[in-house]
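A structural walkthrough
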Amino acid sequence: VKDRKPLIKKLIDAAKQADRIIIASDEDREGEAIGWHLANTLKLDIAKTDRIVFHEITKTAILDALKHPKRIDMNMVKAQQARQVLDKLVGYTLSPMLWRNVKPKLSAGRVQSACLRLVTDKDADIKKHSVELFYKTSGIFHTETNSLEIEGVLNVDLKSADDVRGFLRDCQQASFRID
């Protein structure tokens, strides 16, 4: 379908004229989410929209399902949304490992195009980042009796190795006091 807008408009118009709308989709999280998305697209009241499930396309199965309608289970919808987020977070991280260690093009998630977008955005951020080196300096100090050892960290980041060497030279002749 080139442009879905006319189709969706036709479905919304038909839904407005219907006495009852029954959504039939798979029983799993995906099916529940598809039913929820359809109900939202058609501007249906989810609390009043019937949903049925059947496992075979026979007259008996469909009639039986119609006798036992239920409502869209928002916990299942949220579970599907959580699964989708996990697919993105975990799949993006694991897929490259699978490519290297198991089989090229093997996927740990179902959302490769979104993954590609995140990867390219992150790569652009990395390329924009400017590296700034600095050095942290710390020391271990002993009391005059060597009974107590105290670690100290300089609260200034030194910008070059020469600055660090100069600081350490100055420290060799210095005496320190703990307040």
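Summary of the structure given here.

**Description of the overall build of the protein**
When you go through the protein residue by residue, the secondary structure sums to 6 helices and 4 strands. What you see in the protein, going N to C, is helices and strands ordered as α-β-α-β-α-α-α-β-β-α. Whereas a compact globule of 179 residues would reach a radius of gyration of roughly 16 Å, the protein reaches 32 Å, over 25% beyond that. If one aligns the C-alpha atoms of the protein with their principal axes, the spans along those axes are about 95 × 40 × 35 Å. For the protein, the proportion of its 179 residues judged to be buried stands at 20%. Accessible surface, the protein: about 14500 Å² in total, of which carbon and sulfur atoms supply 56%.

**Observations concerning helix α4 (residues 74-101)**
Since the α-helix packs 3.6 residues into each turn, any two residues three or four apart lie on the same face. Helix length check: α4, at 28 residues, gives a terminal C-alpha distance of 38 Å against a target of 40 Å (1.5 Å per residue), a fit within 8%. Of all the bends in α4, the largest measures some 40° and sits at Gly-91. Listed in full, the buried residues belonging to α4 are Val-77, Gln-80, Asp-87, Gly-91, Tyr-92, Ser-95 and Leu-98. Of the residues flanking the start of α4, the one acting as N-cap is Asp-73, its side-chain oxygen 2.9 Å from the backbone nitrogen of Asn-75.

**Topic: the side chain of Asp-50**
Structurally, Asp-50 can be placed in strand β2 (residues 50-52). A distance of 2.8 Å separates a polar atom in the side chain of Asp-50 from a polar atom in the side chain of Arg-20. Of the polar contacts made by the side chain of Asp-50, one reaches the side chain of Arg-71; its length is 2.4 Å. Apart from the residues lying within four places of it in its own chain, the contact partners of Asp-50 are Arg-20, Ile-21, Ile-22, Ile-23, Pro-69, Lys-70 and Arg-71.

**Notes on the packing of helix α2 (residues 29-41) against α4**
Direction vectors running N to C along α2 and α4 enclose 110°, while the axes themselves pass 8 Å from each other. Classified by the interaxial angle, the pair formed by α2 and α4 is roughly perpendicular. Here Arg-29, Glu-30, Glu-32, Ala-33 and Trp-36 of α2 lie close against α4, whose contacting residues are Met-74, Met-76, Val-77, Ala-79, Gln-80, Gln-81 and Arg-83. Of the residues belonging to the contact of α2 with α4, the class tally is 6 nonpolar, 2 polar and 4 charged.

**Some points on the side chain of Gln-80**
Tracing the chain through its elements places Gln-80 in helix α4. By relative accessible area, Gln-80 is classed as buried at 7%. For Gln-80, the residues in contact, after removing those within four places along its chain, are Arg-29, Glu-30 and Ala-33.

**What about the pairing of strand β3 (residues 138-142)?**
Summarising the sheet, β3 and strand β4 (residues 149-153) pair through 5 bridges and their orientation is antiparallel. Along β4, the bridge assignment pairs Ile-140 with Glu-151. Between β3 and β4, which pair antiparallel one after the other, the connecting turn spans 6 residues, and Asn-146 there sits at a positive phi close to 60°.

**Considerations on unusual backbone geometry**
Unlike most non-glycine residues, Lys-43 shows phi in positive territory, near 60°. Here Lys-43 lies in the loop between α2 and β2.

**What to know about the nonpolar core**
Counting residues in each nonpolar core, the largest one holds 10 residues, listed as Ile-12, Ala-15, Ile-23, Trp-36, Ala-39, Leu-42, Leu-44, Ile-46, Ile-72 and Val-77. Elements represented by at least two residues in this core include exactly α1 (4-17) and α2. In this view, Ile-72 contacts Ile-23, Glu-32, Gly-35, Trp-36, Ala-39, Ile-46, Arg-51 and Val-77; residues no more than four positions away in its chain are not counted.

**Topic: a nonpolar patch on the surface**
A grouping of Val-85, Leu-86, Leu-89, Val-90, Leu-94 and Met-97 is seen on the molecular surface, where their side chains present a nonpolar patch of about 510 Å² in accessible area. One can find Val-85 in helix α4.

**A few points about the environment of Phe-141**
Here Phe-141 lies in strand β3. Residues Phe-141 and Leu-168, 27 residues apart in the sequence, show an inter-C-alpha distance of 14 Å. Apart from residues lying up to four places away in sequence, Phe-141 is in contact with Leu-148, Glu-149, Ile-150, Gly-152 and Phe-176.

The rules behind the values
Sequence order sets the numbering: in each chain, residues are counted from 1 along the sequence as written. Confidence filtering applies because this is a predicted model: local features only for residues at pLDDT of at least 70, side-chain atom pairs given and counted only at 80 or more, and all residues used for totals across whole chains, interfaces and linings. Excluded from the side-chain calculations are hydrogens and water; all other atoms, namely the structure's heavy atoms, are used. Numbering goes from the N terminus for both helices and strands, where a helix is a DSSP run of H or I of at least four residues and a strand is a run of E of at least two. Values of the radius of gyration come from C-alpha atoms, whereas the globule rule sets the reference at 2.2 Å times the count of residues to the power 0.38. The rule is simple: take the accessible area with a 1.4 Å probe, protein chains only, and divide by the maximum for that residue type; under 20% is buried, over 50% is exposed, in between is partly exposed. Shrake-Rupley sampling with a 1.4 Å probe provides the accessible areas, and residues are treated as covered by the protein chains on show and by no other component. One fewer than the residue count of a helix, multiplied by 1.5 Å, yields its expected span. Given a residue, its bend is the angle between the two axes fitted to the seven residues that end at it and to the seven that start from it. Throughout this description, a polar contact denotes any pair of N or O atoms lying within 3.5 Å of each other; where both atoms belong to protein, one of them has to be capable of donating a hydrogen while the other can accept it, and for residues adjacent in sequence the pair is counted only when both atoms sit in side chains. Whether two residues are in contact is decided by their heavy atoms, any of which lying within 4.5 Å being enough. Fitting a line to C-alpha atoms yields each axis, with helices limited to the stretch in contact; the angle taken between N-to-C directions then spans 0 to 180 degrees. To sort the angles, those under 35 degrees are grouped as roughly parallel, those over 145 as roughly antiparallel, those from 65 to 115 as roughly perpendicular, and the leftovers as oblique. Residue classes follow a fixed rule: Ala, Val, Leu, Ile, Met, Phe, Trp, Tyr, Cys and Pro count as nonpolar, while Asp, Glu, Lys and Arg count as charged, and any other residue, Gly among them, counts as polar. A pair of strands is treated as paired once DSSP finds two or more bridges between them. Definition used in this section: a nonpolar core is a set of buried Ala, Val, Leu, Ile, Met, Phe, Trp, Tyr and Cys residues joined via side-chain atoms within 4.5 Å. Residues enter patches when they are more than 30% accessible in relative terms and free of salt bridges; like-charged ones are connected within 9 Å and nonpolar ones (Val, Leu, Ile, Met, Phe, Trp, Tyr) within 5 Å. Throughout this description, the term salt bridge denotes a Lys or Arg side-chain nitrogen within 4 Å of a carboxyl oxygen of Asp or Glu.

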